[in-house]
Amino acid sequence: MFTIEVRKRGEKEYFAYEDVAKEARVFHEGCGGDKVNWDPPGDCGCPWIFRCLTCGEQTEAPSILDTKLKIVETAMDGSEREVGKSILVVCRASVSGA
């Protein structure tokens, strides 16, 4: 399972997918690796592959648009979402005083 951890945004905060992605932490729970290549492909129509640089395991996001939407929705409302069967989008735990 790969996990994308995002920061919950404020109710009146304006942001785009790119803003969330820059701050996201992506890791592979299988080996604990926190070095994951998860850059979405350009406009080539290629699949979006998440690859752990620690152990080499990889998975494919079923839909680029749906994956980006789930990442943004989680940043908006804090709800956990699954992308296919092997990617989980969660909200980063808040740190008090931050």
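A short tour of the structure in this document, coming up. Since this is a predicted model, take the numbers as computed values, not measurements.

Section: the state of the cysteines
Scanning the model with the defined rule gives zero disulfides in all. No disulfide involves Cys-52; its nearest neighbouring cysteine sulfur is the one of Cys-31, lying 3.6 Å away.

Let's talk about the pattern of salt bridges
Applying the stated criterion across every chain, the model contains nine salt bridges. With its nearest N and O atoms 3.8 Å apart, the salt bridge here joins Arg-92 to Glu-5. Taken together, the residues Arg-92 in the segment after strand 7 (87-91) and Glu-5 in strand 1 (residues 2-6) connect sequence positions 87 residues apart. For Glu-5, a relative accessible area of 16% puts it in the buried group.

Side note on helix 2 (residues 64-77)
Between its first and last C-alpha, helix 2 extends 20 Å over 14 residues, near the 20 Å set by a 1.5 Å rise per residue. Its side-chain oxygen placed 3.1 Å from the backbone nitrogen of Asp-66, Ser-63 serves as the N-cap of helix 2. Note on helix 2: the residue one or two positions beyond its end, Gly-78, has a positive phi of about 80°.

Structural notes on the side chain of Arg-81
Position of Arg-81 relative to the elements: it lies in strand 6 (residues 81-83). A distance of 3.2 Å separates a polar atom in the side chain of Arg-81 from a polar atom in the side chain of Thr-74. Within the structure, the side chain of Arg-81 is placed 2.8 Å from the side chain of Asp-77, a separation counted as a polar contact. Every residue in contact with Arg-81, bar those within four places of it in the chain, is listed here: Lys-70, Glu-73, Thr-74, Ile-87, Leu-88 and Val-89.

Re the side chain of Lys-70
Assignment of secondary structure puts Lys-70 in helix 2. A distance of 2.9 Å separates a polar side-chain atom of Lys-70 from the backbone oxygen of Glu-82. Residues in contact with Lys-70, not counting those within four places in the same chain, are Arg-81, Glu-82, Val-83 and Val-89.

Observations concerning the nonpolar core
Ile-4, Trp-38, Phe-50 and Ile-71 are the most contacted members of the largest nonpolar core, which has 20 residues in total. Contributing elements (two or more residues each) for this core: strand 1, helix 1 (17-23), strand 4 (48-52), helix 2 and strand 7. Setting aside its immediate chain neighbours within four residues, Ile-71 contacts Ile-4, Val-6, Tyr-17, Val-20, Trp-38, Trp-48 and Val-89.

What counts and what doesn't
Residues numbered from 1 in each chain as written. Predicted model: local features only at pLDDT ≥ 70, side-chain atom pairs only at ≥ 80, totals over all residues. Heavy atoms only, no water. Disulfide = S-S within 2.5 Å. Salt bridge = Lys/Arg side-chain N within 4 Å of Asp/Glu carboxyl O. Helix = DSSP H or I, 4+ residues; strand = E, 2+ residues; numbered from the N terminus. Buried < 20%, exposed > 50% of the residue type's maximum accessible area, 1.4 Å probe, protein only. Expected span 1.5 Å × (residues − 1). Polar contact = N/O pair within 3.5 Å; in protein donor to acceptor, adjacent residues only side chain to side chain. Contact = heavy atoms within 4.5 Å. Core = buried A, V, L, I, M, F, W, Y, C linked by side-chain atoms within 4.5 Å.

Limitation: the analysis is restricted to geometry and does not speak to function.
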